[in-house]
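Here's the letter readout for the chains.
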Amino acid sequence: MGPLITQGYIDPEWSNLIALILGIGFGFVLEASGFSSSRKLAGVFYGYDFTVIRVFMTAIMVTLIGLVYFNYMVWIDLTKIFILPTFLTSVIVGGVIMGFGFVMGGYCPGTSFTGVAIGKLDALFFTAGLYIGIFVFSSAFPLIKDIYYGGELGPVTLTDTFGISKGLFTFLFVLMSIAAFIVTSIIKKKVKKAEL
Amino acid sequence: MNKKYILVIALAMILATGALFLPDKQFTKELSPDKLFFKINNPSRFISTDIIAKKIIDGDPALQLIDVRSSDQYKAYSLPGALNLPLKELMDSSGNISDEWIDYLEVDGMSTIFFSNGDICADQVWILCTRLGLKNMYVMKGGLNMWVETILKPQRPAESASSDEFALFDFRKGASQYFRGGSLVIESEVAAEPVLQVRKKKKTVVEGGC
């Protein structure tokens, strides 16, 4: 029966309200997981806190498993869900820039707003920088248009690219996540020992 | 390691292993037989030639006419603004309607009306498209034969017919003029009968006396 909006079960006009409710929930969970602290977020890069990786891996794991089972129950048609088109060049270039910003500022765009919401000054500066960045990017857009649209692959998925089933991909991803959990906890212990 | 972590990892592993063996369900847009049967029995898909003529004259932007006859017949005569989608070319060799056609058939906010010479071919295309779950599909009732009969060559109703029938006839006459251009010969309302003039006899003035 799903996706509910595409299939006409929910009028598309509700999408803004649904986005608002989901956004409030998302912000609540980010704050509750401690994502409004730049020290916690930057911990990934210094090896003393891996909450970010754990939360995101868990989120992807739950979604993957959920969607595969929903698809089996004929609750959601996976061919109809929206898949963002991939622009290889901008993903790589943007990823590097964002990585630097993340290490230096201690926030990613979404978490900086949760930081602002609880009144963190560094988050406020980060958000101001975010808007300046958006302005500079928009102004310089004609110059970087080629990079922005470079390497277009369309809405590709890993399962299609590698020709494996969704179930197998889910299984492999869960294995990888569990490995990541174990490896990160070992790293964390070693870093703690080094600090002591 | 924390006991909770072990529990979560175990749960994730069990579910992921299950996912490994789940078959990938193929969703078909096709209607189930009972729904298709209900739709076939529902005559609301038939649209009269009068309504279509009115929509064409009004320049209704939400109207999409599709001629399902062969392209030769389409070239010879078709409704104004109609697209040609021959029934024989609708399906490929494996019996599927290509996505290219579906893009034409399923346009948001447009009503697609199929027509052929009669009802049958247009109705066949309607059933094929309805089975695929396409929406806003209609069939021109009676096809082009009915179109010629009602719109191009409207028959004058009997004198005893209701005023509604005369109003419809008036509309059809106007539509006929619209679709046939200047070739219409407007018949006069009532055939002129020779009027007998009754001349009054001149009164002769009585002259003389007695």
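Conventions adopted
- Residues numbered from 1 in each chain as written.
- Chains lettered and ligands numbered in written order.
- Predicted model: local features only at pLDDT ≥ 70, side-chain atom pairs only at ≥ 80, totals over all residues.
- Heavy atoms only, no water.
- Pairing = 2+ DSSP bridges.
- Helix = DSSP H or I, 4+ residues; strand = E, 2+ residues; numbered from the N terminus.
- Contact = heavy atoms within 4.5 Å.
- Axes fitted to C-alpha atoms, helices over the stretch in contact; angles between N-to-C directions.
- Buried area = accessible area lost by both parts, 1.4 Å probe.
- Salt bridge = Lys/Arg side-chain N within 4 Å of Asp/Glu carboxyl O.
- Polar contact = N/O pair within 3.5 Å; in protein donor to acceptor, adjacent residues only side chain to side chain.
- Nonpolar A, V, L, I, M, F, W, Y, C, P; charged D, E, K, R; others polar.
- Parallel < 35°, antiparallel > 145°, perpendicular 65-115°, else oblique.
- Left-handed = near helix turned anticlockwise from the far one by under 90°.
- Buried < 20%, exposed > 50% of the residue type's maximum accessible area, 1.4 Å probe, protein only.
- Phe/Tyr/Trp six-rings, centres within 6.5 Å; stacked < 30°, edge-to-face > 60°.
- Lys NZ or Arg CZ within 6 Å of the ring centre and 35° of its normal.
- Right-handed = clockwise from strand over helix to strand, strands pointing away.

**Student:** What is the right way to read the sheet that holds strand β3 (residues 83–84) of chain B from this model?
**Tutor:** Sheets are built from strands that pair by backbone hydrogen bonding, the pairs being arranged parallel or antiparallel. Residues and elements named next belong to chain B. The five strands lie next to each other as β1-β5-β4-β2-β3, forming an open sheet whose pairing is parallel. Strand pairing shows two members of the sheet lacking a second neighbour, β1 (46–47) and β3, which therefore form its edges. Sheet analysis places strand β4 (residues 111–115) next to strand β5 (residues 137–140), joined by three bridges and oriented parallel. Looking at β5, one finds that Ile113 is bridged to Tyr138. This element, helix α3 (residues 49–58), spans β1, β2 (63–67), β4 and β5 of the sheet and lies at about 120 degrees to β2.

**Student:** Got a minute to help me understand the interface of chain A and chain B in this structure?
**Tutor:** As a measure of interface size, the accessible area lost when the parts come together is often cited. Each partner contributes residues to the interface: chain A has 19 residues there, and chain B has 16 residues. Between chain A and chain B lies a buried interface of about 1700 Å² when both sides are counted; carbon and sulfur atoms form 76% of it. Summed over the shared surface of chain A and chain B, the result is zero salt bridges. The interface formed by chain A and chain B contains three residue pairs in polar contact (both at pLDDT 80 or more). Of all the elements in the fold, those that place two or more residues in the side of chain A that touches chain B are α3 (51–72) and α9 (166–195) of chain A. In terms of residues, the side of chain A that touches chain B owes the most to one element, α9(A), which gives eight residues. Taken together, the residues of the side of chain A that touches chain B break down into twelve nonpolar, three polar and four charged.

**Student:** Hey, could you run me through the packing of α3(B) against helix α9 (residues 163–180) of chain B in this one?
**Tutor:** How two helices pack is summed up by the angle between their axes together with the distance between the axes. Residue and element names in this part refer to chain B. Where α3 meets α9, the closest approach of the two axes is 11 Å, and the angle between their N-to-C directions is 50 degrees. Here α3 lies oblique to α9, going by the angle between them. For the element pair α3 and α9, the recorded crossing hand is left-handed. Where α3 approaches α9, its residues Asp50, Ala53, Lys54, Ile56 and Ile57 are matched on the opposing element by Leu168, Phe171, Arg172, Ala175, Tyr178 and Phe179. For the contact of α3 with α9, the residue count by class is eight nonpolar, no polar and three charged.

**Student:** I tried to follow the side chain of Thr112(B) on my own but got confused; where do I start?
**Tutor:** Residues and elements named next belong to chain B. Here Thr112 is to be found in strand β4. Since its relative accessible area comes to 1%, Thr112 is described here as buried. Engagement of the side chain of Thr112 in a polar contact is seen with the side chain of Gln64, the distance being 3.3 Å.

**Student:** What am I meant to see in the packing of aromatic side chains here?
**Tutor:** Aromatic rings in a pair are described by how distant their centres are and how their planes are angled relative to each other. This model, assessed by the stated rule, comprises 14 aromatic pairs over all chains. Plain terms: the ring middles of Phe169(A) and Phe173(A) are 6.4 Å apart, the flat faces sit at 35 degrees to each other, and that makes the pair tilted. Of this pair, Phe169(A) and Phe173(A) both sit in helix α9, four residues apart, which is roughly one turn of that helix. Among the aromatic residues, those joined into a cluster by ring pairs are Phe87(A), Phe137(A), Phe141(A), Tyr148(A) and Tyr149(A). Positioned over the ring face of Tyr5(B) is Arg54(A), at 5.3 Å from the centre of the ring. Above the face of the Phe46(B) ring, Lys141(B) is positioned so that its terminal group lies 4.6 Å from the ring centre.

**Student:** Can you help me understand the pairing of β5(B) in this one?
**Tutor:** The side chains of a regular strand alternate, residue by residue, between the two faces of the sheet. Residues and elements named next belong to chain B. Here two bridges tie β1 to β5, and the two strands are oriented parallel to one another. Bridge pairing in β5 places Phe46 opposite Val139. Taken together, β4, helix α7 (residues 120–131) and β5 constitute a β-α-β crossover, and its handedness is right-handed.

**Student:** Just to check I follow, could you spell out unusual backbone geometry for this structure?
**Tutor:** What is expected of a backbone is that most residues other than glycine have negative phi and most peptide bonds are trans. The phi angle at Val74(A) is positive, at roughly 60 degrees, despite the residue not being glycine. Along the chain, Val74(A) turns up in the loop between α3 and β1 (86–87). On the basis of relative accessible area, Val74(A) is assigned to the partly exposed category, the value being 36%. Positive phi outside glycine occurs at Asn136(B), with the angle close to 55 degrees. Assignment of secondary structure puts Asn136(B) in the loop between α7 and β5.

The values are spatial; any link to function lies outside them.
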